[in-house]
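# Examination of the molecular architecture
Residue-level listing of the chains:
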Amino acid sequence: MDLTDEVVAAARAGDQDAWRVVYDVLAPRVLGYLRARGADDPEGTTSEVFLAVLRALDGRLEGGATGLRTLAFSIAHARLVDDLRRRARRPDVVPYDPAGDVRTAVPAEDTALMTVEASRALRFLDQLGEDQRTVVMLRILADLTLQETAAVLGRSVPAVKQLQRRGLLALKELMTAKEVTR
Amino acid sequence: MTTPLDTLETMLAECDLDEDLAPVLAATLGSLDHLVGEPPEPSPELAAAVADRFGSTTDTQVLPAVVVPIQRGRRLALAAAVAVVAAVSTTGIAAANNKLPEPVQREIAEFSRHYLPFEFPAPKQQAPRQQPGQEPKKEQRPEPVQPTPTVGDDDHVDDHGGEVDRDDRVEPGDDRDTREDREDNSGPGSDDSSHSGSDDSGSDDSGSDDNSGHGSDD
């Protein structure tokens, strides 16, 4: 099941099966990205993203499958940034619960999905800068190309390439240091 | 579908980094793929929007087809109710002003007298038809009759005395009015005459009034 230009065109023409393909391919990755970035309500935000994608199908959508994938993650990233900013301005005042901290422990509802290795990977990524982390996650989790990632972040391809390079080198050092200290 | 290892090799190549790093990085970052699971259940809003956009036969799609006839039926019922209220109120106002055709006015007055807490006026009395060329008759009103002094008359004993005036003595089977009736009908100031208009027996009384009026003329 691949997201092709033909599938996107069929979805735009009102083919419900094509829409199902769009949703089944993109929604799990959008959800995974939002979940990995610590969104407040990943499932609800995913639905909001696809409501916007649905509206975009009737509007001006260019670029076929690439355009649709870029659009979906652009919306998801924008919602995530809004969510993070809102929480930074008005943090939820709740007692700290280590069991609910995705950086140190896996929430009960995500136990099946987020393995110990995934938690470890997130701990490494948390030590990167914000932009480097975003680029690496969009490349690996969202399966976006360099160009698509640049479009999502609204940056140039060389700038994203630079962020990617620094992020990978930082990860290598972190992992190597971890291996040494083990 | 590309694997995390493929993606990392591509990323390292794009950045001119040693691709031998790929397996090391993939050992950790590859587990991020575990965060990508099954497609999430769409929210009700998204499901409704999809049904609306693609015309699927979900519950949200069925709903308008069920609702439309109900709304149409309600609209008809509302229109009928408005028509009934308008007709009743228009008829009621006309009946209160005594402007309906006489048979209808009579029926409504009769109905209101028996079944409603208020009464509509009875239809106006029709004037007697005139023959062509005949002068219209002047309305004859009974002359007011001077009440004759009855109290203190030697021959008269009041009602409770049991004795009746000789001239007015009533024999069984006699058609003449009793003195009491005459007194009742004798003048406009009597109590009964003031009630005669609204009483059912008023028509009978008016007949006796006419008689007494003619009698006074004579």
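Residues numbered from 1 in each chain as written. Chains lettered and ligands numbered in written order. Predicted model: local features only at pLDDT ≥ 70, side-chain atom pairs only at ≥ 80, totals over all residues.

### Quick look at the overall build of chain B
Within chain B, the regular secondary structure consists of eight helices and zero strands. The N-to-C order of helical and strand elements in chain B reads α-α-α-α-α-α-α-α. Within the span of chain B, comprising 218 residues, buried residues form 10% of the whole. At a minimum sequence separation of 6, the contacts of chain B that also span at least 24 residues come to 31%. (Helix = DSSP H or I, 4+ residues; strand = E, 2+ residues; numbered from the N terminus. Buried ≥ 20, exposed ≤ 12 C-beta atoms within 10 Å, placed from the backbone. Contact = placed C-beta atoms within 7 Å.)

### A short note on the overall build of chain A
Tallying secondary structure elements over chain A gives eight helices and zero strands in all. When its helices and strands are written in sequence order, chain A yields α-α-α-α-α-α-α-α. By residue count, 37% of the 182 residues in chain A fall in the buried class. Within chain A, contacts between residues separated by at least 24 positions form 54% of all contacts whose residues are at least 6 apart in sequence.

### Quick notes on the interface of chain B and chain A
Chain B puts 31 residues into the contact, and the matching count from chain A is 39 residues. Counting residues per element, the ones that place at least two in the side of chain B that touches chain A are helix 1 (4-14), helix 2 (21-29) and helix 3 (44-54) of chain B. The greatest single-element share of the side of chain B that touches chain A, amounting to six residues, is contributed by helix 3 of chain B. Residues of the side of chain B that touches chain A, tallied by class, amount to 19 nonpolar, eight polar and four charged. (Nonpolar A, V, L, I, M, F, W, Y, C, P; charged D, E, K, R; others polar.)

### Remarks on helix 1 of chain B
Taken together, the buried positions of helix 1 of chain B are Pro-4, Thr-7, Leu-8, Met-11 and Leu-12 of chain B. End-on view of helix 1 of chain B: buried residues confined to an arc of 135°, all on one side of the axis. (Arc of directions from axis to C-beta.)

### Remarks on the environment of Lys-99 of chain B
By the secondary structure assignment, Lys-99 of chain B is in the loop between helix 4 (59-96) and helix 5 (102-115). Placed 22 residues apart in sequence, Lys-99 of chain B and Pro-121 of chain B show a C-alpha to C-alpha distance of 9.9 Å.

### Overview of helix 7 (residues 146-153) of chain A
Within the sequence span of helix 7 of chain A, burial applies to Glu-148, Thr-149, Ala-150, Ala-151 and Val-152 of chain A. Residue Gly-154 of chain A follows helix 7 of chain A closely and has a positive phi angle near 70°.

### What about the nonpolar core?
If you look at soluble globular proteins, the nonpolar side chains tend to sit buried side by side. All names here are of chain A. Grouped together as the largest cluster of nonpolar side chains are 58 residues, with contacts concentrated most on Val-22, Val-30, Ala-72, Ala-76 and Leu-141. Here this core takes twelve residues from helix 2 (residues 16-36), the largest share from any one element. Residue contacts for Ala-72: discarding those within four places in its chain leaves Leu-26, Val-30, Val-49 and Val-53. (Core = buried A, V, L, I, M, F, W, Y, C linked by C-beta atoms within 7 Å.)

### Quick look at the packing of helix 6 (residues 130-140) of chain A against helix 7 of chain A
Residue and element names in this part refer to chain A. At a minimum axis separation of 10 Å, helix 6 and helix 7 run at an interaxial angle of 130°. Classified by the angle between their axes, helix 6 and helix 7 sit oblique to one another. The interaxial crossing formed by helix 6 with helix 7 has right-handed handedness. Contacts between helix 6 and helix 7 involve Thr-134, Val-135, Leu-138 and Arg-139 from the first element and Thr-149, Val-152 and Leu-153 from the second. Considered class by class, the residues forming the contact of helix 6 with helix 7 number four nonpolar, two polar and one charged. (Axes fitted to C-alpha atoms, helices over the stretch in contact; angles between N-to-C directions. Parallel < 35°, antiparallel > 145°, perpendicular 65-115°, else oblique. Left-handed = near helix turned anticlockwise from the far one by under 90°.)

### Looking at the confidence of the model for chain B
All names here are of chain B. Across chain B, the average pLDDT comes to 65, with 47% of residues at 70 or higher. Within chain B, the element-level pLDDT minimum falls on helix 8 (residues 202-217), averaging 42, and the maximum on helix 3, averaging 92. Confidence drops under pLDDT 50 across residues 57-70; counting only partners more than four residues distant or on other chains, this segment forms eight contacts. Confidence drops under pLDDT 50 across residues 151-218; counting only partners more than four residues distant or on other chains, this segment forms 41 contacts. Prediction confidence for the complex, expressed as pTM and ipTM, is 0.54 and 0.79 respectively. (pLDDT = per-residue confidence, 0-100.)

### Some words on unusual backbone geometry
For Asp-143 of chain A, which is not glycine, the phi dihedral falls at a positive 60°. Looking at the secondary structure, you find Asp-143 of chain A in the loop between helix 6 and helix 7.

### Remarks on the environment of Arg-37 of chain A
Residue and element names in this part refer to chain A. Its location among the elements puts Arg-37 in the loop between helix 2 and helix 3 (42-58). Since 21 C-beta atoms lie within 10 Å of it, Arg-37 is described here as buried. Sequence spacing of Arg-37 and Asp-126 is 89 residues, and the spatial spacing of their C-alpha atoms is 9.4 Å. Those residues in contact with Arg-37 that sit more than four places away from it in its chain are Leu-80 and Met-137.

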